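# Secondary and tertiary structure notes
Residues per chain are reported as follows:
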Amino acid sequence: MTARQEPPPVASLTYAQYSGWACCWCGKSLLKVTGAVSAGVARGQDGAHVLDIEVYACPDCAPPALDVPRDTPAPS
């Protein structure tokens, strides 16, 4: 299983990427794309102010889904 890659830091994001309107990896607009997924949390700080924000990825750049064994019973 491959570990998920951390999103870029907040300081390197454009306004559109920070706002969730563009892919955090390639910058492609997400306004007319279906299938965009959360890419994780971009970390950032400005003095005492935490600027962490959830960022999104287009389907082409989306991290692989976590492998979940199908034969594992659901928790009760």
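Residues numbered from 1 in each chain as written. Predicted model: local features only at pLDDT ≥ 70, side-chain atom pairs only at ≥ 80, totals over all residues. Heavy atoms only, no water.

### Some remarks on a nonpolar patch on the surface
Among the surface-exposed residues, Tyr15, Trp21 and Leu31 lie close enough to one another that they form a single nonpolar patch of about 410 Å² accessible area. Structurally, Tyr15 is set in helix H1 (residues 15-19). (Patch = residues over 30% accessible without salt bridge, like charges linked within 9 Å, V, L, I, M, F, W, Y side chains within 5 Å. Areas by Shrake-Rupley, 256 points an atom, 1.4 Å probe, with all protein chains shown as cover. Salt bridge = Lys/Arg side-chain N within 4 Å of Asp/Glu carboxyl O. Helix = DSSP H or I, 4+ residues; strand = E, 2+ residues; numbered from the N terminus.)

### Observations regarding the confidence of the model for the chain
On average, residues of the chain score 85 in pLDDT, and 76% of them are at 70 or above. Per-element confidence in the chain ranges from a low mean pLDDT of 93 for strand E1 (residues 37-42) to a high of 96 for H1. (pLDDT = per-residue confidence, 0-100.)

### Focus: the pattern of salt bridges
Under the defined criterion, the tally for this structure stands at two salt bridges. Asp60 serves as the salt-bridge partner of Lys28, at 3.5 Å between the closest nitrogen and oxygen. One end of the pair, Lys28, is in the loop between H1 and E1; the other, Asp60, is in the segment after strand E4 (53-57), and 32 residues separate them in sequence. Residue Lys28 is classed as partly exposed on the basis of its relative accessible area of 37%. (Buried < 20%, exposed > 50% of the residue type's maximum accessible area, 1.4 Å probe, protein only.)

### Description of the environment of Cys24
Looking at where Cys24 falls in the secondary structure, it is placed in the loop between H1 and E1. Judged by its relative accessible area of 4%, Cys24 falls in the buried class.

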